[in-house]
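Chain by chain, the residues:
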Amino acid sequence: MFMHNKRLMYTVRVAEPNPGLATLLLEQFGGPQGELAAAMRYFTQALAEEDPGRKDLLIDIATEELSHLEVIGSIVAMLNRGAKGELAEASKSEAELYMSLNNQGESHTTSILYGGGPALVNSAGVPWTAAYIDSIGDPACDLRSNIAAESRAKIVYERLINVTDDPGIKEALGFLMTREVAHQKSFEKALYSIEPNFPPGKIPADPAFADKYYNLSQGEGDARGPWNEGEQWDFVDTQEDQMAVDGGDGSASVKLSAAQKKTISAMAERLASDPASNPVTGADLGAGPGAGSTTPMK
């Protein structure tokens, strides 16, 4: 059960309306790295979690993300508030209204379509989707994904902080950014409380391939480091050793019944190409300057 407290988790102080900035901030309202996506990711993970400690952690952070959604939504609403009233009451001339709606950026999404309210879209107007939720139901996987999600959200907040000089908004965004860091710490502690936690799942990796590093992109720029050298790695850079690494012939095969083989042979015969043919094609008929070599026309 959820109970709403009318006091925001962080006080929203907006110096002046700015519809353009409001549109940018929608990235953290209805975007893939935003607060709604985070809340839904952790809430749905919590419902299926068997470990009581992780379940409590996920519910706590999911609920906090909803409070962050409220903070971001309130900032968006305040930034649009001036233009919202002016547009609704037509209190300015056409040119003045158009200028106010596009103050420092494209903002018709919030002003025209949603009346100044925060919409569940990203900064480009793309609707929020449950496809942003990438949970797979394994704690070792999902906690790593959560850590990455919080990291991405932290970077988006940094970028938003850099595009505004409003001190109140900077403070609120700084708080939200910092909470992303706190959540990363909690998720990492939860991940490493599972021993072992790598690799995810129950089936172990094949030792014949787990330590191999295949240098498949060779040329200028090749580099060595802890990701491909040292005691943990068998570095494979010869082409012959990179093909058919299972010891087979490297081809694809399937066992077919006699009837299936007969059908496949008939199909292959019917669709066989004739290497000796050179038919006149549309490219030949329509060839002009710059076409390159085509079949000579008689």
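Our structure is the block above this text.
Here goes a summary of the coordinates provided. Note that the structure is predicted; figures quoted are calculated from it, not measured.

Calculation notes
Residues numbered from 1 in each chain as written. Predicted model: local features only at pLDDT ≥ 70, side-chain atom pairs only at ≥ 80, totals over all residues. Heavy atoms only, no water. Patch = residues over 30% accessible without salt bridge, like charges linked within 9 Å, V, L, I, M, F, W, Y side chains within 5 Å. Areas by Shrake-Rupley, 256 points an atom, 1.4 Å probe, with all protein chains shown as cover. Salt bridge = Lys/Arg side-chain N within 4 Å of Asp/Glu carboxyl O. Helix = DSSP H or I, 4+ residues; strand = E, 2+ residues; numbered from the N terminus. Lys, Arg positive; Asp, Glu negative; His and termini not counted. Charge placed at Lys NZ, Arg CZ, Asp CG, Glu CD. Buried < 20%, exposed > 50% of the residue type's maximum accessible area, 1.4 Å probe, protein only. 1 Å grid on protein atoms, 1.4 Å probe; cavity = no way out; pocket = protein on both sides within 12 Å on 5 of 7 lines; lining within 4 Å. Points joined across faces, edges and corners; volume = space filled by probe spheres on them. Nonpolar A, V, L, I, M, F, W, Y, C, P; charged D, E, K, R; others polar. Phe/Tyr/Trp six-rings, centres within 6.5 Å; stacked < 30°, edge-to-face > 60°. Expected span 1.5 Å × (residues − 1). Polar contact = N/O pair within 3.5 Å; in protein donor to acceptor, adjacent residues only side chain to side chain. Core = buried A, V, L, I, M, F, W, Y, C linked by side-chain atoms within 4.5 Å. Contact = heavy atoms within 4.5 Å.

Quick notes on a nonpolar patch on the surface
The grouping of Val-254, Leu-256, Ile-264, Met-267 and Leu-271 at the surface amounts to a nonpolar patch, some 460 Å² of accessible area in total. Following the sequence through the fold, Leu-271 ends up in the loop between helix H10 (258-270) and helix H11 (282-285).

Some thoughts on a negative patch on the surface
On the surface, Asp-222, Asp-237, Glu-240 and Asp-241 cluster together to form a negatively charged patch. Topologically, Glu-240 is positioned in the loop between strand S2 (234-236) and H10. Glu-240 gets classed as exposed once you look at its relative accessible area, which sits at 61%.

Observations regarding the layout of surface pockets
Considering only enclosed or pocket space, the largest pocket measures out at about 220 Å³ in volume. Lining of the largest pocket is provided by Phe-2, Met-3, His-4, Asn-5, Arg-7, Leu-8, Met-9, Thr-63, Leu-66, Ser-67 and Glu-70. Per-class residue counts for the lining of the largest pocket are five nonpolar, four polar and two charged.

Concerning empty space enclosed by the protein
Enumeration according to the criterion identifies one cavity of 30 Å³ or more in this entry. What the largest cavity holds in volume is close to 50 Å³. Along the walls of the largest cavity sit Pro-32, Gln-33, Gly-34, Glu-35, Ala-38, Arg-41, Tyr-42, Glu-65, Ala-149, Glu-150, Ala-153 and Glu-180, which together make up its complete lining. Counting residues per element, the ones that place at least two in the lining of the largest cavity are helix H3 (35-48) and helix H7 (139-162). Take the lining of the largest cavity: its biggest share by element is four residues, from H3. Residues of the lining of the largest cavity, tallied by class, amount to five nonpolar, two polar and five charged.

So, the pattern of salt bridges
A side chain of one charge can pair with a side chain of the opposite charge when the charged atoms of the two come close. Applying the stated criterion to the full structure yields five salt bridges. Note that Arg-41 is salt-bridged to Asp-134, the shortest N-O span being 3.3 Å. A residue pair is termed long-range when its members are at least 10 positions apart, and Arg-41 in helix H3 and Asp-134 in the loop between helix H6 (108-113) and H7 qualify at 93 residues. Ionic pairing is found between Asp-234 and Lys-212, a salt bridge with its closest N-O pair at 3.5 Å. Of this pair, Asp-234 sits in strand S2 while Lys-212 sits in strand S1 (residues 212-214), and the two are 22 residues apart along the sequence.

Concerning the packing of aromatic side chains
Going through the model one piece at a time under the given rule, you end up with six aromatic pairs. Between Tyr-42 and Phe-187, the aromatic rings sit 4.9 Å apart at their centres with planes inclined by 55°, giving tilted as the arrangement. Highlighted residues: Tyr-42 in helix H3 and Phe-187 in helix H8 (residues 167-192), separated in sequence by 145 residues. Taken as a pair, Tyr-42 and Phe-187 share a single burial class, namely buried. The interplanar angle of 10° and the centroid separation of 5.8 Å between the aromatic rings of Tyr-213 and Phe-235 together place this pair among those described as stacked. Of this pair, Tyr-213 sits in strand S1 while Phe-235 sits in strand S2, placing them 22 residues apart in sequence.

Let's talk about unusual backbone geometry
Backbone torsion omega between Glu-195 and Pro-196 reads -10°, so that peptide bond is classified as cis. Here Pro-196 shows up in the loop between H8 and helix H9 (207-210). A cis amide bond, omega -5°, links Phe-198 with the succeeding residue Pro-199. Its identity as a non-glycine residue notwithstanding, Ala-244 has a phi of 50°, on the positive side. Relative to the helices and strands, Ala-244 resides in the loop between S2 and H10. With a relative accessible area of 31%, Ala-244 lands in the partly exposed category.

Notes on H7
One full turn of an α-helix is made of 3.6 residues, so residues set three or four places apart face in the same direction. Over its 24 residues, H7 runs 35 Å from end to end, which matches the ideal 34 Å to within 8%, given 1.5 Å per residue. One side-chain oxygen at the N-terminal end of H7 lies 3.1 Å from the backbone nitrogen of Ala-140; it belongs to Asp-138.

Comments concerning the nonpolar core
Counting residues in hydrophobic clusters, the biggest one holds 25 residues, and the most contacted among them are Leu-25, Ile-72, Ile-75, Leu-79, Tyr-157, Leu-173 and Leu-176. The contacts of Leu-79, once residues within four sequence positions are left out, are Val-14, Glu-16, Pro-17, Asn-18, Pro-19, Leu-21, Ala-22, Leu-25 and Ile-169. Residues Ala-38, Leu-143, Leu-191 and Ile-194 belong to the second largest nonpolar core, which totals 15 residues.

Concerning the side chain of Glu-150
Of note, Glu-150 is situated in helix H7. Of the side chains with opposite charge, Arg-41 comes closest to the buried, unpaired Glu-150, at an N-O distance of 6.3 Å. Apart from residues lying up to four places away in sequence, Glu-150 is in contact with Tyr-42, Glu-65, Glu-180, His-183, Gln-184 and Phe-187.

By themselves, these observations are geometric and do not establish any function.
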